[in-house]
Amino acid sequence: MTQAQLARRLILAFVAATLVATFAQCENDEDERANGQQDPKNSQENNAALTPPPDAIRILISGSMLGHLEPCGCASGQLGGLARRYQFIGEQRNYDLLLEGGDLVGGNTPLDKLKLFTTSQVLFMMERNYDAVGVGLRDLSLPLDDWSGFLLGGPAVATNLTSKQEAWPAMPFLDKAIRDYNVRIASLLLPELPKSMQGEGATVTRTDPAAAWAKVFEGQDAAMIRIAMVHGNDTQIRNIIPKLSPQPDLVIGVDTFYIEPDPAAKDIGGVPLVFAGIRGRVMLDARLWREGGKARVACETVPLTGSKTVPGGGGDPDVKSVVLMHRMNVAEENVLAQMAEQTPTPNGADYIGNTACGACHPTAMAAWKASKHAHAWDTLVKAEADPKRYGWPVTKYPDCVGCHTVGYGEKTGFKTIEATPDLADVGCERCHGPGSKHIVAPATNKLGIIGGVLKSEMCAQCHDFEQSPEFLYTERWQKITHGLEPK
Amino acid sequence: MRLLLPLLIALPLTHSACSHRDADGATNSTNANASVDGNTGTQMSKHANSKERAPLVLDHDFGVVPHGEGRTHEFALDLSQLNEPHVPLRVHLECSCGRAELVMRKPDGTERHIDGTGYKHNLPTEDEQAILRILLDTRKKEARDIGSTISRGYIVLQPLSDETGMARERWAFVVRFAIDSPVTLHPFSELDFQSVSQSMQGEILTTMRGDENHPNLEFLSISTTDESLEATLEPDDGRTVLRTRCTPGRFGNHRGLVLVKTNLPGYVIALEAKWKVVADLEATPMRKVSFRAAFDRAQKPGVEIRQAVLVIDHNRHRSPEFLVRGIVGDDGRDVSHCFEIKMTPVPTEDRRQRMTVRYLGGLLTGDEPAAQAPVTFRGKIILAKHEKDIVGGDDPTLPIRLVVFPSKTP
């Protein structure tokens, strides 16, 4: 590659990374663009000026936690976490409904199971119980036995999902009487179930959401307040709203890509639509009432911040303990080992470790050693030893280990510090890929080059909007640049 | 065009984010913008010059703002730089002490707010200037120095010709600031009491003194916003000790402020306090352990990890240890021999212990008809304190509900 070509590629990578970093929260706008079904000029997006009447129903809303029991702590100022959520909920004296959209976990790993276990302990067993919890695709990705076992004690709602299983924990709707209001809460899943969940032996069946919605309100008093928690993307949610009859009074969108919820409810043909955000970073504090037969919503987002000065401060102390117990369980059950070596490597080769790379690439190795990537594992070790900030087995927690090692989760990748010490830290192969074939025949098995074969978005796998909010590819690249070996 | 606008914005924005500052801490990119920096409060003192064009890069550095003061900056938005009319819909700023507003201003200074719709009436008229106003209120931050910080935001715009909303754009901006607090608080500028149990009183000592620029700072009087908080000021060798006590009241989470007036005109130090009032003896997440087990045999060691609760005695006049006084069924049967209870201290939490429960077998008496499925066992584990911790006849116990469902599989 000529210098000009390299420069061009770097510029392209720079532009891409810049866009990623600067517009890290553009997903919702993209979704807005994708929506062509209704005229947004009718959208009343600036309803902050709405003044709720004193008897408005006050609803606290969360959703799409995706397994983020608490912020990882890699960066200061991270939002969210169950402890902070319960601190906020616990301070509120006069709310009427506590709703969780669902998608409590992000996947189907042993860690996700333990996370759901802990989440259900907090959501359904502690003093402030949730009134309803929706069911999302991510929840269903767990084996039904696990999922239903954890949620059996909770108020799970799934209006257009049915199951013949005895242990199916979800109800088609939940009712709550609030002063003079009768409120019915439903939860709709818009995307089709994945193929793996369909066909013979399927434990869950999805029905038409609009028909399911109509059914649960059939014959009900028009005065009943109708709340829908709707799982799907922004466009799907906007599209289904006009099809829901009777008209909902409030739709809570549970879109797993909707990072930053807007406090102003969107008005979709007279139906207020709010989004719950992701990763449990914020709560919505909404007030719902009817005015001349029309549903109105005034909403605020509550960022769940921690203490800015007290290390580890803030958050409900009891929930913090429960989350701490989860951390201990993960270590004691050796979940780290259970999740190691589960998937094939991206290029089919094996990981060989930094030492092997350094034999032929001494310049790059020297540059790497001077970078923070070379001390990534040590960061975890220090965090583990710091009782004020962490104090729990950080080096045994898969979410943390994944970003501080090479190839964790993949065949021949990091397992434990004892078994694979050469794959600790963010080494060469974390970015360039496994090198066993390359080391045998370098000319015919070229590895990825950042800005070239590999996309700079790779950095964002760990340096995402939360872990590295100030991340700029061009700046950070200067800190790890190692170039080519001199000929 | 849809891709072009963010590109145009992103590239120089990134450049400016990387650029170093002038000696006075201001960036060049704000030269075209009117500013009221330097004033305290958030009152406007002059209007943005509508003749000058704000560049596509909206970047303003407030410099170092004394804690307790406010700042306002206005960007005069030149929407004509976009290649077709765009209606500003709304503005978002990610900043805990900052707020952003979009207004249209006439030459006489009167302003109108836009209503968030994409209609033409939200475009500036010929004699109006679109203004993005940033209001910074450092009173919303805790009293401590904060180094150079960047807050990002964006304006959402919709092309007038866009009937669908599919072509909306974001116009990114950044504001930079640092905060200089005249007071140094040690160890923290917040009061986090964590749990305050019924029999105990929380107390936090905070030392206060003026920083190097305010050596003569005096602390005049003190008040709190919650009757559970009581605070005093005590002189101590050239510094002042703030002693804050938290008396338990109603159960649950609480938040309040401790307000300290100073001799700096108008400057009041506000320390946020948080606490949770709890019972002396607690089990979390709840006073209950439930699990499934085959009744005819012992559970394998290791399963008890998930059959656990955290128990704590908050009363520091006693040791944190518990003993198991008994395990009884709802029918009064003593089943202590059927379960193994283990207590292990929780790391980093000096008084909390994890109590695990493992079934050892023995719930079946042998008299059950073979065809009859075992019924769920319901009972309780009674935790109590050691004799040395029982004072004056006070013998506290912590009953924990125990429910064992029969295993589904043989």
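Residues numbered from 1 in each chain as written. Chains lettered and ligands numbered in written order. Predicted model: local features only at pLDDT ≥ 70, side-chain atom pairs only at ≥ 80, totals over all residues. Heavy atoms only, no water.

(A) Geometry of the overall build of chain B. Each helix and strand in chain B was counted, giving one helix and 24 strands. Looking at chain B as a whole, 50% of its 410 residues are labelled buried. Within chain B, counting contacts between residues at least 6 apart in sequence, those at least 24 apart form 71% of the total. Carbon and sulfur atoms form 51% of the exposed surface of chain B, whose accessible area is close to 19200 Å². (Helix = DSSP H or I, 4+ residues; strand = E, 2+ residues; numbered from the N terminus. Buried < 20%, exposed > 50% of the residue type's maximum accessible area, 1.4 Å probe, protein only. Contact = heavy atoms within 4.5 Å. Areas by Shrake-Rupley, 256 points an atom, 1.4 Å probe, with all protein chains shown as cover.)

(B) Molecular detail of the overall build of chain A. Summing up its helical and strand segments, chain A has 17 helices and 14 strands in all. The buried share among the 487 residues of chain A stands at 57%. Within the structure as shown, chain A displays about 20100 Å² of accessible surface, and the carbon and sulfur contribution to it stands at 54%.

(C) Molecular detail of the state of the cysteines. For the coordinates displayed, the defined rule picks out one disulfide over all chains. Disulfide pairing places Cys-403 of chain A opposite Cys-462 of chain A at an S-S distance of 2.2 Å. Its torsion about the S-S bond being -100°, the disulfide of Cys-403 of chain A and Cys-462 of chain A is classed as left-handed. Residue Cys-403 of chain A is located in the loop between helix H14 (398–401) and helix H15 (428–432), and its partner Cys-462 of chain A is located in the loop between helix H16 (436–440) and helix H17 (473–480); the two are separated by 59 residues in the primary sequence. Overall, Cys-462 of chain A belongs to the buried group, its relative accessible area being 16%. Here Cys-95 of chain B stays free of any disulfide, with the sulfur of Cys-97 of chain B as its closest cysteine sulfur at 4.1 Å. (Disulfide = S-S within 2.5 Å.)

(D) A look at the nonpolar core. All names here are of chain A. Ile-89, Leu-140, Trp-147, Leu-161 and Trp-168 are the most contacted members of the largest nonpolar core, which has 42 residues in total. Taken together, the elements giving at least two residues each to this core come down to helix H3 (82–91), helix H4 (110–125), helix H6 (144–151) and helix H9 (317–332). Residues within four places of Leu-161 in sequence aside, it is in contact with Val-135, Leu-140, Trp-168, Leu-189, Leu-193, Val-204, Thr-205 and Arg-206. One finds Tyr-390, Cys-400, Val-406 and Phe-414 within the second-largest nonpolar core, a separate group that totals 28 residues. (Core = buried A, V, L, I, M, F, W, Y, C linked by side-chain atoms within 4.5 Å.)

(E) Examining unusual backbone geometry more closely. Looking along the chain, the bond that leaves Ser-245 of chain A and enters Pro-246 of chain A is cis, with omega of 0°. Turning to its location among the elements, Pro-246 of chain A is positioned in the loop between helix H8 (234–240) and strand E10 (250–254). Between His-186 of chain B and Pro-187 of chain B the backbone carries a cis peptide bond, its omega angle lying at 5°. Its location among the elements puts Pro-187 of chain B in the loop between strand E9 (183–186) and strand E10 (190–197). For Leu-66 of chain A, which is not glycine, the phi torsion reads 55° and is therefore positive. For Leu-66 of chain A, the location among the structural elements is in the loop between strand E1 (57–62) and H3. A relative accessible area of 14% places Leu-66 of chain A in the buried class. Phi is positive for Asp-237 of chain B, close to 50°, though the residue is something other than glycine. You can call Asp-237 of chain B exposed: its relative accessible area is 76%.

(F) Structural view of the confidence of the model for chain B. Confidence in the prediction of chain B, expressed as mean pLDDT, is 83, and 84% of residues score 70 or more. Within the model, the stretch residues 1–54 of chain B combines pLDDT values under 50 with 122 contacts to residues more than four positions away or in other chains. (pLDDT = per-residue confidence, 0-100.)

(G) The packing of H3 of chain A against H4 of chain A, seen in detail. Residue and element names in this part refer to chain A. Contact pair H3 / H4: the axes reach a minimum separation of 12 Å and the direction vectors enclose 5°. Viewed along their axes, H3 and H4 adopt a mutual orientation that is roughly parallel. The segment H3 lies against H4, with Leu-82, Arg-85 and Tyr-86 engaging Thr-119, Val-122 and Leu-123. Its residues assigned to classes, the contact of H3 with H4 shows four nonpolar, one polar and one charged. (Axes fitted to C-alpha atoms, helices over the stretch in contact; angles between N-to-C directions. Parallel < 35°, antiparallel > 145°, perpendicular 65-115°, else oblique. Nonpolar A, V, L, I, M, F, W, Y, C, P; charged D, E, K, R; others polar.)

(H) The arrangement of the packing of aromatic side chains in detail. This structure, assessed with the given rule, holds eight aromatic pairs over all chains. For the ring pair Phe-295 of chain B and Tyr-359 of chain B, a centre distance of 6.0 Å and an interplane angle of 55° mean the geometry is tilted. In this pair, Phe-295 of chain B is assigned in the loop between strand E18 (288–293) and strand E19 (308–313) and Tyr-359 of chain B in strand E22 (residues 349–359), connecting sequence segments 64 residues apart. The two residues Phe-295 of chain B and Tyr-359 of chain B agree in class, both being buried. Relative to Tyr-359 of chain B, the ring of Phe-339 of chain B lies with its centre 5.5 Å away and its plane at 55°, an arrangement referred to as tilted. Separated by 20 residues along the polypeptide, Phe-339 of chain B in strand E21 (residues 339–346) and Tyr-359 of chain B in strand E22 bring together distant segments of the chain. Comparing Phe-339 of chain B with Tyr-359 of chain B shows no difference in burial state: the two are buried. The cationic tip of Arg-184 of chain A hangs over the ring face of Phe-173 of chain A; the distance from NZ or CZ to the ring centre is 3.7 Å. (Phe/Tyr/Trp six-rings, centres within 6.5 Å; stacked < 30°, edge-to-face > 60°. Lys NZ or Arg CZ within 6 Å of the ring centre and 35° of its normal.)

(I) Examining H6 of chain A more closely. Residue and element names in this part refer to chain A. For H6, the complete set of buried residues consists of Leu-144, Trp-147, Ser-148, Phe-150 and Leu-151. Relative to the axis of H6, the buried residues are bounded by an arc of 165° and lie together on one face. Along its buried surface, H6 packs onto H4, helix H5 (137–140) and strand E4 (156–157). (Arc of directions from axis to C-beta.)

(J) Broad picture of the side chain of Asp-211 of chain B. Relative to the helices and strands, Asp-211 of chain B is located in the loop between strand E11 (202–210) and strand E12 (219–224). No salt bridge is formed by the buried Asp-211 of chain B; its nearest oppositely charged neighbour, Arg-209 of chain B, is found at 10 Å. (Lys, Arg positive; Asp, Glu negative; His and termini not counted. Salt bridge = Lys/Arg side-chain N within 4 Å of Asp/Glu carboxyl O.)

(K) Quick peek at the packing of H4 of chain A against H6 of chain A. Residue and element names in this part refer to chain A. Orientation of H4 relative to H6, taken along the N-to-C sense of each, is 20°, at an axis distance of 9 Å. Here H4 is positioned roughly parallel relative to H6, judged by the angle of their axes. The handedness of the crossing between H4 and H6 is right-handed. Across the interface between the two elements, Lys-113, Leu-116, Phe-117, Ser-120 and Phe-124 of H4 pack against Asp-146, Trp-147, Phe-150 and Leu-151 of H6. When its residues are assigned to classes, the contact of H4 with H6 shows six nonpolar, one polar and two charged. (Left-handed = near helix turned anticlockwise from the far one by under 90°.)

(L) Inspection of the pattern of salt bridges at higher detail. Scanning the model with the defined rule gives 52 salt bridges over all chains in all. Between Glu-192 of chain A and Arg-206 of chain A there is a salt bridge whose closest N-O contact spans 3.4 Å. A residue pair is termed long-range when its members are at least 10 positions apart, and Glu-192 of chain A in the loop between strand E7 (181–189) and strand E8 (205–206) and Arg-206 of chain A in strand E8 qualify at 14 residues. A residue is classified by how much of its surface remains accessible, and Glu-192 of chain A, at 55% relative accessible area, is exposed. What makes Arg-206 of chain A buried here is its relative accessible area of 18%. Each of Glu-74, Arg-99, Glu-101, Arg-105, Glu-111 and Arg-133 of chain B takes part in one network of salt bridges that share partners.

(M) Structural context of the sheet that holds strand E6 (residues 129–137) of chain B. All names here are of chain B. Judged by pairing direction, the sheet is antiparallel, and its four strands sit side by side in the order E2-E6-E4-E5 without closing on themselves. Single-partner strands in this sheet number two, and they are strand E2 (70–77) and strand E5 (111–113). In this sheet, adjacent strand axes meet at a mean angle of 35° when their direction is disregarded. (Pairing = 2+ DSSP bridges.)

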